Amino acid sequence: EIRFDRYARWVLILLDWCMPGMTGVDLVRSLRAQPDGGRPIILISTIEIDAAEISHAVAAGIDDYLMKPFDRETLAAKLAELRPHRVPPLASAAI
């Protein structure tokens, strides 16, 4: 079991699909199962192009994904797309 203190205060989690010890999808599933976990935006970076695998990740709780390699502009565009619907502006978010 993974436990993250103050997880409910997180605004954004960006992680990789392939990580040592567990996949990014497994970590997302664990994060979303946390009590009082809030609902931060979770993006996963990947080289995965299989639609079934992406659907599996969405079912686990990702909000979206970024194809690797990506640059700052791509990340900013993705966040602009997601953030207005999910979290307050960073300037007023609890830190």
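Our subject in this report is the structure included herewith. What you see as residue numbers is a count from 1 along each chain, following the sequence as written. Per-residue local features of the predicted model are confined to residues with pLDDT of at least 70, and side-chain atom pairs are confined, for both listing and counting, to 80 or more; whole-chain, interface and lining totals are unaffected and use all residues. Values shown for side chains rest on all heavy atoms present in the structure; no hydrogens or waters enter the calculation.

When its secondary structure is counted, the protein shows three helices and three strands. When each of the 95 residues of the protein is scored for burial, the buried share is 34%. Here a residue-residue contact requires only that any non-hydrogen atoms of the pair lie within 4.5 Å. Long-range contacts, defined as pairs at least 24 residues apart, comprise 56% of the intrachain contacts of the protein with a sequence gap of at least 6. Secondary structure counts use DSSP, requiring at least four H or I residues in a row for a helix and at least two E residues in a row for a strand, with both numbered from the N terminus. Three labels apply to residues, based on accessible area from a 1.4 Å probe with only protein chains included: buried if under 20% of the type maximum, exposed if over 50%, partly exposed otherwise in between.

Moving on, we come to the sheet that holds strand β3 (residues 64-67). By definition, two strands form a pair when at least two bridges between them are found by DSSP. If you trace the three strands from one edge of the open sheet to the other, you get β1-β2-β3, paired in parallel fashion. Each having just a single partner strand, β1 (12-16) and β3 make up the two edges of the open sheet. The average undirected angle you get between the axes of adjacent strands in this sheet is 25°. Where strand β2 (residues 41-46) and β3 come together, four bridges link them in parallel fashion. Paired with I44 across the bridge in β3 is Y65. What counts as an axis is a line fitted to C-alpha atoms, over the stretch in contact for a helix, and the angles between N-to-C directions run from 0 to 180 degrees.

The subject of this paragraph is the nonpolar core. To form a nonpolar core, buried Ala, Val, Leu, Ile, Met, Phe, Trp, Tyr and Cys residues must be joined to one another through side-chain atoms within 4.5 Å. Core analysis: the largest hydrophobic core is formed by 13 residues, its most contacted members being L15, W17, V25, V28, I42, I44 and I62. For this core, the secondary structure elements donating two or more residues are β1, α1 (24-32), β2 and α2 (51-60). It is α1 that contributes the most residues to this core, four residues altogether.

Burial along β1 is one-sided: the face carrying I13 and L15 is buried and the face carrying L12, L14 and D16 is not. When β1 meets β2, the two strands line up parallel, connected through five bridges. Counterpart to D16 in the pairing with β2 is S45.

Now for α1. Turning to α1, its buried residues are G24, V25, L27, V28, S30 and L31. In this fold, the buried residues of α1 make contact with β1, β2 and α2.

Relative to the helices and strands, K78 resides in helix α3 (residues 72-86). Within the structure, K78 has its side chain in polar contact with the side chain of D64 (distance 3.2 Å). Polar contact is the term for a pair of N or O atoms within 3.5 Å; when the atoms are in protein, one must be able to donate a hydrogen and the other to accept it, and sequence-neighboring residues count only if both atoms are side-chain atoms.

Further remarks concern the pattern of salt bridges. Within this document, salt bridges are pairs made up of a side-chain nitrogen of Lys or Arg and a carboxyl oxygen of Asp or Glu, the two lying within 4 Å of each other. Counting across every chain of the model gives five salt bridges. With a closest N to O distance of 2.7 Å, D16 and K68 form a salt bridge. Residue D16 is located in strand β1, and its partner K68 is located in the loop between β3 and α3; the two are separated by 52 residues in the primary sequence. With relative accessibility at 22%, the residue D16 sits in the partly exposed group.

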